[in-house]
Every structure is written in structure tokens, then in C-alpha cells.
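Notes for the structure review
Next come the chains, spelled out residue by residue.
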Amino acid sequence: MRDLRFDNRFVRELPGDPEEGRHVRQVHGACYSRVEPTPVRAPKLLAWSREVADLLGFDAADVRSQRFAEVFGGNALLPGMEPYAACYGGHQFGNWAGQLGDGRAITLGETINPRGQRWELQLKGAGPTPYSRSADGRAVLRSSLREFLCSEAMHYLGVPTTRALSLVATGEQVVRDMFYDGRPRPEPGAVVCRVAPSFIRFGNFEIFAARGEESLLARLIDFTIERDFPELAQAEPDPARRRIAWFEEVCRRTAVLMAHWMRVGFVHGVMNTDNMSILGLTIDYGPYGWIDNFDPDWTPNTTDASGRRYRFGHQPRIAHWNLWQLANAIYPVVRAVEPLERALVAYADVHEVEYRRMMQAKLGLADWRAGEQADDGLLEQLQRLLQRGEMDMTLFFRRLADVDLEAPSLAVFEEAFYDPSARAAVEDELVGWLRAYAARLRIDGVPGAHRRAAMNRVNPLYVPRNYLAQQAIDAAEAGNVGELEALLEVLRQPYVEQPESERFAARRPDWARNKAGCSMLSCSS
């Protein structure tokens, strides 16, 4: 850890809050407030990602040292760290919420690894900041473990995401009202160290636009391009065209990200603009969830239960809406409507192309035949049947590669059905669909073994289902992190059959259908 090298451009090149202290306040004319983590009673390392540690230049001895737990639990700083909390705003559930900011996230600094890559290290749950409002700046073990686990799982699924270095228990209790039902209780606290090239989000730009701080808005845009999009800074010397090219790239990356979420069945749960990464990464893992039985209308967030704004099937449209808000925010600097509108149209085009490309791969098709009566219709019919039949999305697509094309049947899908009556309602139609699907594959003429191998490379067998995460949480709260370690190890190879780990591939059990933490979750963390 002594060799960690920091180059903190965000605090060096952008204006900071002149006022000191953790007291809550409105921060104007600044991109951040300097604030140190609040020490905890007994920091103890619970889990770590060996891949992220290697990425940063840590060895196993570093990570297992008490010094590591002290630093990444919030009790100590390494030379070169300059901790701060960022100022940003955002639209929450479609409404402007004003100043939000890092209420419990504290960036320690930007480190340059031995490969010359820049990585921002951020502690979540490290104590109050000027943006904490009425909160305590802490996080509980259940939410911290879920973020740690899913950050790494998404990476191995091939989904753009922030990463997680470590999970550190604080040795303190945090009081939370998990269900917002007036019955708060103490829970074990924890701090997760999140890692990304940048944690800048749409809301960082929105706050300055809302306040009319256009010079600071322009400065942040240009800084973001120079630091986080260097290829654009080098390719386009004209500042005006460079800003447009940057927004186009943000739209493109966001479109690709949405296609990936739909590919693997991930539901973010809180797609507010302050939870949208400018780099097109999955960021801020709160009440996220995984589609078990296929349902485009499902949301994992109890806060969203009535409106279902952030439901699974609506995510690409919400991302588009969020990009519109970003376009509105940067307009005072860009001063050109048509290029922004073209970029927003391009978002929809890119998403359609990427989604079809990914679904083509999931279905094992050699190409995509457009048109209502071709592959679009085949996919839409399948999705309707999956929903009506209450079939597990992950298991269905994984087993689809094993269908006997000469005599299609439901034999390979036995484990994918949740409800016998729902299965009976779609059985004949689904067999008919499989016959049409088999005929379509025969047109491609791809050898079966080749097709199956290709499908298994894009259809995961192991995903961090909510009930699996909850089992790991229950064990960790009882002092056993073995379940978390075993699950994380399996999720490192989500596309590879692991016979000794079959239990991690099972569909959601009946006992977990409505159990807290296994179906819907609240924003409480």
C-alpha cells in the first residue's frame, strides 16, 4: 500500500467548497466539499475482490493487514489521499430534487495503477458529509454486501459497471427502518470501497444548470472530457464540437448499458439521474433485483411499487428520459438544439441495434431477420409466453441451447417453471414456438455443437439472485462469510457449468417469493 500513487485531478482542477466541516448546507459554486471519513469502532475486513486488488496494485499481504481494514473502513488515510464528497443534484422519480450530493460516499482519491490506469476509490457508508441532509452517512451490512457482490458479478457477466474492492465491518450498529413501517432496528454496519475510473454522474451537471452557474458547468464538462474521455479531447480540437461529440458518446454508452441490463435480466430499481454514470457504467447498487420469473412490469423497489416507473421493461425508456434531462442541463453551454436532439435519436437507434444483436446471440441465430413476421415476431411471442408461463428467464435461455431441434419439447425446461397451472396454460403454445424456433435455426445451418457453445457464452447460468444474496447476508450477520465467498467464487464464471455449485443455479424457491430481501427491497440501507 505504500506504493499507491495518487493524482487527484478532480480536487486539483475544479473549485471546492470554501466552507469546512460536516455540517449540512447548500454548497454553491463548488464541485465538492473536503471531508474525511468518520472513524468506526472496530473495522474488520469481511471480503475483498482479488481481481480489483490486483488492478490497483495491492497484494494479498496488503489486503489482509489491519492497516488495510483501517484505511478502507474509514479510520486512516494513505499518503496522497485527499478525501471529498461531490456536489450534485438530480431528478428522483421524475421530479427535480435539488441538491443531493454524496451523503454517505466519500472519495479517498484517484490512484494511478502500475498500468497507468486511473481509478477513483470511494467509501460508501463512511460517515456524514455536508450532503447527508438528515441521514447519518452510514450503511448497513445487508446493503453493503449486496453492492459488493453485484458490482463484481456484473463485471464477470460482461456488463459495464463500477467495481468493488472490499467490504469492511465497522463493529458498530446502524439503526434503520428497513420497511419504512415505523419499526426501526439496529443492524450491523459496514463500508464498501467502490472503484471506478470516475463517479461523475448526470446530476453533477444538472445542479449547476439549475443554479445558473454556467461557467462552472462549462468547466466541469471540459474537465470530464479531458480526464475521462481523452480520445475525444485528442480527436476534436474545437471545444463546441468536442462537447457535442461527448454527449453523443454518453448517449451511445448508455444505450449499450441498457441493452446489457435487458440481456441478463438486471433491474436497477432507482434510475434517478443522480444514479446514472457519465461513463455508461452501472452505478449505485441500491434496491436492485434480478428477474426470476420473466416479468417486464416487475420492480425490486418497494418505493416504486405503485407507479413502477423503474420496472424491468421500462429501463431503456427511462435512460432516454434521463439523457433528455442531461441534454437540458448542458444546453446553456452547448447552445445548439439540433445536435443534442440528433444524439438522443441516436440513443434509440443504438439501443435497438445492440438489443437485437444481444438477443440474436441469446437465441443462437446467425443473423437477425427484421420485420414483424421474422425474428422480431419470434422474440415478442417468446417473451409473452415466458411471462404468461411464469418461466425463469435465466434458466430458460440457458436451457434453450439444449432443445432437440428434431423433436422440440419442454423436457429441458422442467426446472424453469414456477407454477404448474401457468405452465399448463402455455404448454401447447410454447411447444409450437419451439418448433418454429427449430425451423428458424435449420435455415441458418449452424452446426449444433457450435451454436450451443456460442449460446452458453452469452446466456449465464449463475446470476446474483436476490435470495442468494440474502442467504449470504443472513450468514454474514451471524458471523459467517463463507456463503458470500462461495457465491462470489461461482459468480466469477457465470457462463461455465460448475457441477459442484448447482445450488447457486437453482430458480428462486417458493419460500423466497415474498421473503424480505428475496423479492422486493426498500431504499433503506
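Anything mentioned here points back to the structure above.
Computed from a predicted model, the values in this text were never measured in an experiment. (Residues numbered from 1 in each chain as written. Predicted model: local features only at pLDDT ≥ 70, side-chain atom pairs only at ≥ 80, totals over all residues. Heavy atoms only, no water.)

**With respect to the environment of proline 197**
The following threshold applies: A run of DSSP states H or I qualifies as a helix once it reaches four residues; a run of E qualifies as a strand once it reaches two. Both are numbered from the N-terminal end. Any residue under 20% of the maximum accessible area for its type is buried, any over 50% is exposed, and the rest in between are partly exposed; the area is computed with a 1.4 Å probe on protein chains only. We call two residues in contact whenever any of their non-hydrogen atoms come within 4.5 Å of each other.
Mapped onto the secondary structure, proline 197 falls in the loop between strand S10 (185-196) and helix H6 (202-210). Accessibility expressed as a relative area gives 30% for proline 197, which makes it partly exposed. A sequence separation of 79 residues divides proline 197 from arginine 118, and the C-alpha atoms of the two residues are 5.7 Å apart. Residues contacting proline 197, with those up to four places away along its chain left out, are Arg118, Trp119, Glu120, Arg227, Asp228, Leu279 and Leu281.

**Digging into the packing of aromatic side chains**
Operational definition: Two aromatic rings from Phe, Tyr or Trp, using only the six-membered ring of Trp, form a pair when their centres are within 6.5 Å; if the ring planes differ by under 30 degrees the pair is stacked, by over 60 it is edge-to-face, and anything between is tilted. Criterion for a charge above a ring: Lys NZ or Arg CZ within 6 Å of the ring centre, and within 35 degrees of the ring normal.
In total, this model carries 19 aromatic pairs according to the counting rule given. On the numbers, 5.1 Å between centres and 10 degrees between planes, the contact of phenylalanine 10 with tyrosine 84 is stacked. Residue phenylalanine 10 is found in helix H1 (residues 9-13), and its partner tyrosine 84 is found in strand S4 (residues 84-86); the two are separated by 74 residues along the sequence. Considered together, phenylalanine 10 and tyrosine 84 belong to a single accessibility category, that of buried residues. When the centroid spacing of 5.7 Å and the interplanar angle of 85 degrees are considered together, the rings of tyrosine 285 and tyrosine 288 count as edge-to-face. An aromatic cluster is built from Trp261, Phe266, Tyr285, Tyr288 and Trp290, whose rings are joined through pairwise contacts. Over the face of the ring belonging to tryptophan 321 we find arginine 309, whose NZ or CZ atom lies 4.7 Å from the ring centre. Between arginine 423 and the ring centre of phenylalanine 417, over which it is positioned, the NZ or CZ distance is 4.9 Å.

**Points about the pattern of salt bridges**
Threshold: For this document, the term salt bridge refers to a Lys or Arg side-chain nitrogen within 4 Å of an Asp or Glu carboxyl oxygen.
A complete count under the given rule lists 46 salt bridges for this structure. Aspartate 7 is the salt-bridge partner of arginine 12, the closest N and O atoms lying 2.7 Å from each other. The salt bridge partner of arginine 118 is aspartate 7, with a shortest N-O separation of 2.7 Å. Of this pair, arginine 118 sits in strand S8 (residues 118-124) while aspartate 7 sits in the loop between strand S1 (5-6) and H1, and the two are 111 residues apart along the sequence.

**Digging into the pairing of strand S6 (residues 95-99)**
On any regular strand, side chains alternate: one points to one face of the sheet, the next to the other face. The following threshold applies: Strand pairing is assigned whenever DSSP detects at least two bridges linking the two strands.
Alignment of strand S5 (residues 89-92) against S6, held across three bridges, turns out to be antiparallel. By the bridge assignment for S6, glutamine 92 is matched with asparagine 95. Here S5 folds back onto S6 in antiparallel fashion, the turn holding two residues, of which phenylalanine 93 has a positive phi close to 55 degrees.

**Quick notes on the side chain of aspartate 17**
Convention followed: The term polar contact refers here to a pair of N or O atoms within 3.5 Å; inside protein, the definition further demands a hydrogen-donor-capable atom paired with an acceptor-capable atom, and it admits residues adjacent in sequence only when both atoms are side-chain atoms.
For aspartate 17, the position within the fold is in the loop between H1 and strand S2 (32-34). A polar side-chain atom of aspartate 17 sits 2.8 Å from a polar atom in the side chain of arginine 25.

Everything listed here is a matter of geometry and, on its own, says nothing about what the molecule does.
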